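Here is what each chain is made of, one letter per residue.
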Amino acid sequence: MALQMFGIPVSRGVAIGRAVLMSSARLDVAHYFVERGREEAEVDRLRAARAAVRSELQALQAELPADAPAEMAAFIDVHKMLLDDPQIARETANWVRRRRYNAEWALTAQLDVIARSFDEMDDAYLRERKADVEQVVERLLRALRGTQGLPGGTQNGEDLVLVAHDIAPADMMQFKQGVFRGFVTDIGGKTSHTAIVARSLDIPAVVGVREASRLVRHDDRVIIDGDHGLVIVDPSPAIVEDYLRRKHDSEQSRQRLQQLRDTPARTLDGQQVELLANIELPEDCRAALGSGAAGIGLFRTEFLFMKRARDLPDEQEQFDAYRGVVQAMGGRPVTIRTIDIGADKPFDGEGDGRDGEITHLNPALGLRAIRYSLSDPAMFRVQLRALLRAAAFGPLRILVPMLAHSRELHQTFEQLELARAELRAAGTEVGPVEVGAMIEVPGAVLMLPLFLRYFDFISIGTNDLVQYTLAIDRADESVADLYDPLHPAVLQLLSQTIAQCHAARQWKGRAVHVSVCGEMAGDPQLTRLLLGLGLRSFSMHPAQLLSVKQEVLRADCARLAPLAQAVLAEFEPQPQARALAALAG
Ligand code: PEP
Ligand code: MG
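Presented here is an overview of the structure given in this document. Think of each chain on its own: its residues are numbered from 1, step by step along the sequence as written. To read the labels, note that chains go from A and ligands from 1, taken in the order they are written. Predicted model: local features are reported for residues with pLDDT of at least 70 only, side-chain atom pairs are reported and counted for 80 or more only, and whole-chain, interface and lining totals are derived from all residues. Heavy atoms throughout the structure, all of them, feed into the side-chain values; hydrogens and water do not.

Further remarks concern helix H16 (residues 406-425). Count 3.6 residues to each turn of an α-helix, and residues three or four apart come out pointing the same way. The end-to-end C-alpha separation of H16 is 29 Å, in line with the 28 Å expected for 20 residues at 1.5 Å each. Along H16, the residues that are buried comprise Glu408, Leu409, Thr412, Gln415, Leu416, Ala419, Arg420 and Leu423. The buried residues of H16 all sit within an arc of 135 degrees when viewed along its axis, so they share a single face. Across H16 from its buried face, at more than 90 degrees, point the exposed residues Arg407, Arg424 and Ala425. The inward-facing, buried residues of H16 contact helix H13 (315-328), helix H14 (369-375), helix H15 (377-390), strand E14 (396-400), strand E15 (433-439) and helix H18 (448-454). Each helix is a run of DSSP H or I of at least 4 residues and each strand a run of E of at least 2, with the numbering of both proceeding from the N terminus. Helix span is expected to be 1.5 Å times the residue number reduced by one. Throughout this description, buried means an accessible area under 20% of the type-specific maximum (1.4 Å probe, protein chains only), exposed means over 50%, and partly exposed covers the range between. The directions considered for the arc run from the helix axis to the C-beta atoms. Contacts between residues were defined by any pair of non-hydrogen atoms, one from each residue, lying within 4.5 Å.

Structure (structure tokens):
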């Protein structure tokens, strides 16, 4: 009997495959398939790692002082025994031979199997032995770090889907290689950064399925319906048949959309609309260009910094990345955001004070984004110098996240001036940049008269604007039903921001360019409403761009403007729903 579970749909499409269960703590090791025929070489890597750890443990034992407690030697003996235990030695090699998992993945997969069987034990003493196995696997993983595997194999047989309690955004990034065809997590919200990365991978994903990682077993056949937030475990052949048909249909309609790639984004009444791409890494420019994006509206540079522990990218590395994007986009505008680290995107450093663990009670209200950059001006200027240098190679705009205070605005410009002066003093070429502010907190909307005086452009981060306006944690599935981009307060703030940017024409001599780069911009169901509110620039994941363009091509802004005003005037759900239905045409 099929088991059905509901969660929050975060990335559309259908995936059908065998479940791979992973504990969140183990997701940060490399995951790839080894090439066919290279399985024994990979098993040799495991063997070599075991030999290295055995020598390490022997050396530890030999160095024990004569008066060391007897338990210490016994403890090391247990670890040596575990190293050769068939559950570790033989079964791990089996993951490599049967599934062609790389050594690190094989080890963590087997560790998950062992951990589950320990968790089911009644005997508390035996249950605690799980920690010993974990320590041995940790040592093996460290030993493997010194040896290089050979990625490049492809999965044979059925597709794989990942089921985990949670997936950190930085861990999600490594799945860009395409090992998994779908994702299911127990926790998370629609605009959590994990969901955002899943959308950027364009792979079906459902989050907030609560018990998924407990109820789904390894190798269960799973259907992920990313359109409706449904996960079906062990489906009947008739259900599989139905979903295979849907999958085929949705692939066909995507291919049809591809024909719009080079069509200018212009509404029926001739309004030009700018459709830009959001990216996380320079490599994403390929997808941006493939979707016909007019430029980059948001490069989330913090992804260059995550999982780097003590080794943060220096000026040259950042410069190479930013210049790479500017050059790849061939003269199209590129908007690069200074790091938005913190909250659900920690550095993940190890004991350097930039702890991966969130230790503050309210990390979303804590040291994040521009606050973080200003708390470490030397680090901030490294990024600003890299950006100013990259600007010499093409049009580059700097975007500042989560501003609220005038002090932050002034300090940001001071740091930018300092960075420019440092480069000039060194005789380094500097390009012209425009500087923009993100509107992500309601307080920033009320500060617009000041922001518009100083900044060249505005970008509305609706993911955070919804979160901070409604006091709803965007990553918390237990309040996900209250996370409502159509809440009248959110729409008022959006509308006011767009209107004030346009009205700057009267006192600044020009309108201030305004764009939305939060997830609302990529939702085709909201395109008409945003157009009706006067928005003409949208930035989203490349995978969403052509669906939004299709809506733009069918829209008539002159007709939509009064309808959008009618939506704005409604504070009750029923009349608002009616007004929205009129907008949908
Ligand atoms: C936003 O908040 O809408 C945004 C684009 O920034 P991020 O999702 O990275 O917080
Ligand atoms: Mg944000």
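Moving on from the coordinates now.
Before going further, it helps to spend a moment on the site of ligand 1. Consider each residue's heavy atoms; a residue with any of them within 4 Å of a molecule or strand counts as near. Around ligand 1 lies a shell of 17 residues, among which Arg300, Arg337, Glu440, Asn463 and Arg474 are the nearest. Here Thr462 contributes a backbone N or O atom positioned 3.1 Å from an oxygen atom of ligand 1. Asp464 places a polar side-chain atom, nitrogen or oxygen, 3.0 Å from an oxygen atom of ligand 1. The fraction of the free accessible surface of ligand 1 (290 Å²) that becomes covered by protein chains is 100%. Here a cavity denotes grid points, spaced 1 Å and computed from the protein atoms alone, that fit a 1.4 Å probe unable to get out, and a pocket denotes an open set having protein on both sides within 12 Å along at least 5 of 7 lines; residues with an atom within 4 Å of a point are the lining. Pocket occupancy is defined atom-wise: a molecule lies in a cavity or pocket when more than half of its atoms are within 2 Å of its grid points. With respect to the detected pockets, ligand 1 is housed in the largest cavity. Going through the elements one at a time, helix H8 (193-201), strand E12 (296-300) and helix H19 (462-470) are the ones with two or more residues in the shell around ligand 1. N or O atoms within 3.5 Å of each other form a polar contact, as long as, within protein, one can give a hydrogen and the other can take it, and as long as residues adjacent in sequence are counted only when both atoms are side-chain atoms. Here, Shrake-Rupley sampling with a 1.4 Å probe gives the accessible areas, and only protein chains in the shown set may cover a residue.

To continue, consider the coordination of the magnesium ion (ligand 2). For a metal bound by four donors in a tetrahedral arrangement, the ideal donor-metal-donor angle is 109.5 degrees, while six donors in an octahedral arrangement ideally sit at 90 or 180 degrees. At this site the magnesium ion (ligand 2) is bound by Glu440 (OE) and Asp464 (OD), with donor distances of 2.0 Å. On the criterion of sequence distance, the pair formed by Glu440 in the loop between E15 and helix H17 (442-446) and Asp464 in helix H19 is long-range, its members being 24 residues apart. Here Glu440 and Asp464 have matching classes, each one buried. Here the term donor refers to an N, O or S atom within 2.8 Å of the metal (or 3.2 Å for Na, K and Ca), and because water is left out of the atoms, sites may appear incomplete.

Each Phe, Tyr or Trp ring (for Trp, its six-membered ring) is paired with any other whose centre lies within 6.5 Å, and the angle between the two planes then decides the class: stacked below 30 degrees, edge-to-face above 60, tilted in between. This model, assessed by the stated rule, comprises 13 aromatic pairs. Seen from their ring centres, Trp105 and Phe180 are 5.6 Å apart, and the 70 degrees between their planes marks the pair as edge-to-face. With a gap of 75 residues between them, Trp105 in helix H4 (residues 103-119) and Phe180 in the loop between helix H7 (169-173) and strand E7 (182-185) connect regions that are remote in the sequence. The two residues Trp105 and Phe180 agree in class, both being buried. Their ring planes at 40 degrees and their centres at 6.3 Å tell us that Phe413 and Tyr454 sit as a pair that is tilted. Here Tyr454 lies in helix H18 and Phe413 lies in helix H16, a separation of 41 residues in the sequence. The rings of Phe33, Trp95, Tyr101, Trp105, Phe175, Phe180 and Phe183 are connected pair by pair, giving a single aromatic cluster. The cationic tip of Arg246 hangs over the ring face of Tyr243; the distance from NZ or CZ to the ring centre is 4.3 Å. If you follow Arg323 out to its NZ or CZ, it ends over the ring of Phe393, 5.4 Å from the centre. Only lysine NZ and arginine CZ atoms are considered, and such an atom sits over a ring when it is within 6 Å of the ring centre and within 35 degrees of the ring normal.

Turning to helix H23 (residues 557-568), a few remarks are in order. Under the 1.5 Å per step criterion, the end-to-end length of H23 is 16 Å for 12 residues, consistent within 8% with the ideal 16 Å. What H23 keeps buried is the set Cys557, Leu560, Leu563, Ala564, Val567 and Leu568. One side of H23 holds all its buried residues, which, seen down the axis, span an arc of 145 degrees. The elements touched by buried residues of H23 are helix H20 (488-508), helix H21 (527-532) and helix H24 (573-583). Between the side-chain oxygen at the start of H23 and the backbone nitrogen of Ala558 there is a gap of 3.2 Å, and the oxygen is on Asp556.

Turning next to the layout of surface pockets. Grid points are joined across faces, edges and corners, and a volume is the space filled by probe spheres set on the points. By volume, the second largest pocket is sized at about 1,300 Å³. Looking at the second largest pocket, it is lined by 46 residues, and the ones nearest its centre are Lys190, Gly522, Asp523, Pro524 and Gln525. Across the lining of the second largest pocket, the residue classes break down as 18 nonpolar, 13 polar and 15 charged. Shared between two domains, the lining of the second largest pocket takes at least three residues from each, and those domains are domain 1 (1-239) and domain 2 (267-584). When residues are sorted by character, Ala, Val, Leu, Ile, Met, Phe, Trp, Tyr, Cys and Pro go into the nonpolar class, Asp, Glu, Lys and Arg into the charged class, and all the rest, Gly among them, into the polar class. The domain boundaries here were taken from an automatic or database domain assignment.

It is worth stressing that arrangement in space is one thing and function is another; only the former is reported here.
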